[in-house]
Amino acid sequence: MLRKAIKIMSVGIVTMGFATSVFAADVVLRLHQMLPPQATIPAKVLEPWAKKVESESGGRISVQLYPSMQLGGKPSDLIDQARDGVVDVIWTLFGYTPGRYPKTEVFELPFIGTTAEATSMAFQEYYDTYMTGDKGFRGLKVLAVHTHGPGLLHTRDSAIEKLEDLKGLKLRGTSRVINAMLSSLGASPLGMPVPAVPEALSKGVIDGTVVPWEVTPSVKIAELAPYHTEFSGRNGLYTATFLFAMNQDTYDNLPADLKKVIDNNSGMALAQKFGQAMDAGDKRGYDIAVKANNTIVKLDDAETARWKKVSKTVTEDWVKEMDKRKMDGTKLYQAAKALIEKYDSQ
């Protein structure tokens, strides 16, 4: 009886070990990003992407999600973490590494973007046409690029109803181009990653921030900055640009069939999903502010035109800077506008 029991136990242990080896993933991808898991992109795009990759690989790829910078570092470190192989996949803003990706900045210029879906698809085609091979992407396998939807203003103490109301306000910006825009409009911009915004608002370090409606629930904007200013027309005040990328060596070391899984979950279709999630998130964020009885101001055509006229210098300065760097700023700006119009009309 004892020998029989030992034999059964031994078979069970061997079987468990065999099952573990069968179901263990061949590749584990660590996906690192800066927002909490319930935020729009982590919940609506990154987690579904991970599950889809795992499913289509037959379980041979496992994607481990690390939100809120759980693996250490600052949001500005994410691109280098992926490049250096500290992590395998990252999602981040280009604006956290100012000056490193100048061609992306055209999509951050004042009043250029429309919906997140259209602008993200335009940005993906722009990347595929004008940016593949740029030295800033060495060491990275770009899975997709995208933008958020129309950017707007959120302030803590009073509503912004005209251009003059911005004078002297300390406003958080997301990139050097957006900060230049805020400065041109009369505000005092402060650069900081979005996770730092709630504390900065609550302590009065800033008077307000620019973010799209989509991100407002995850950083409590409706509570901390209950005055919101939108603009007439389809174009938002600004747009921020995002990168979803993988360590190049990690990708290169995959067998051909697993590379195909990654490739099938990259590119334009993925950029569109990012944009669609952002647009849906904008509606959720807006509805939360309405339910909270916050003050939502929409500037009329005439007042919006004033903001466009003043901020136009930021676009002109960017074009001149790109020309000096032999990047043909006029061509890039016209290309970005044409691509946005193309996808916005579809």
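In the block above lies the structure referred to throughout.
Each value, and the rule that gives it
- Residues numbered from 1 in each chain as written.
- Predicted model: local features only at pLDDT ≥ 70, side-chain atom pairs only at ≥ 80, totals over all residues.
- Heavy atoms only, no water.
- Salt bridge = Lys/Arg side-chain N within 4 Å of Asp/Glu carboxyl O.
- Buried < 20%, exposed > 50% of the residue type's maximum accessible area, 1.4 Å probe, protein only.
- Helix = DSSP H or I, 4+ residues; strand = E, 2+ residues; numbered from the N terminus.
- Pairing = 2+ DSSP bridges.
- Right-handed = clockwise from strand over helix to strand, strands pointing away.
- Contact = heavy atoms within 4.5 Å.
- Axes fitted to C-alpha atoms, helices over the stretch in contact; angles between N-to-C directions.
- Phe/Tyr/Trp six-rings, centres within 6.5 Å; stacked < 30°, edge-to-face > 60°.

Turning our eyes to something else, we now look at the pattern of salt bridges. Where charged atoms from two side chains of opposite charge approach closely, those side chains can pair. Under the definition given, this model contains 21 salt bridges. Across the salt bridge formed by K74 and D77, the nearest N and O atoms sit 3.6 Å from each other. Since its relative accessible area comes to 49%, K74 is described here as partly exposed. Notably, a salt bridge pairs E125 with K342, separated by 2.9 Å at the nearest N-O pair. Remark: K342 occurs in helix α12 (residues 329–344) and E125 occurs in helix α4 (residues 116–130); sequence separation between them is 217 residues.

As paired strands, strand β6 (residues 170–173) and strand β7 (residues 188–191) are joined by four bridges and run parallel to one another. From the neighbouring strand, K170 faces β7, where its bridge partner is S188. For the segment spanning β6, helix α5 (residues 176–184) and β7, crossover handedness is right-handed.

This paragraph deals with the environment of L163. Looking at where L163 falls in the secondary structure, it is placed in the loop between β5 (152–155) and β6. Remark: the alpha-carbon pair of L163 and N247, spanning 84 residues in sequence, is separated by 44 Å. In this view, L163 contacts L185, E303, R306, W307 and V310; residues no more than four positions away in its chain are not counted.

For the rest of this paragraph, the subject is the sheet that holds strand β2 (residues 61–66). The strand order across the open sheet formed by five strands is β2-β1-β3-β10-β4, and the pairing between neighbours is mixed. Edge positions in the sheet fall to β2 and β4 (140–147), since each has one partner strand and no second. Looking at each pair of strands side by side, their axes are set apart by 20 degrees on average, direction ignored. The sheet contacts of α4 involve β4 and β10 (241–247), and relative to β4 the element is tilted by about 145 degrees.

Looking now at the packing of aromatic side chains. Tallying each qualifying case throughout the model produces 15 aromatic pairs. Each ring, one from F94 and one from Y101, has its centre 5.2 Å from the other, and the planes form 65 degrees; the classification is edge-to-face. Take F94 and Y101: they sit in the same class, and that class is buried. On the numbers, 4.8 Å between centres and 45 degrees between planes, the contact of Y101 with F137 is tilted. Taken together, the residues Y101 in the loop between β3 (89–93) and α4 and F137 in the loop between α4 and β4 connect sequence positions 36 residues apart. This pair shows no difference in class: Y101 is buried, exactly as F137 is. Through a chain of ring-to-ring contacts, the aromatic side chains of F94, Y101, F107, F123, Y126, Y127, Y130 and F137 assemble into a single cluster.

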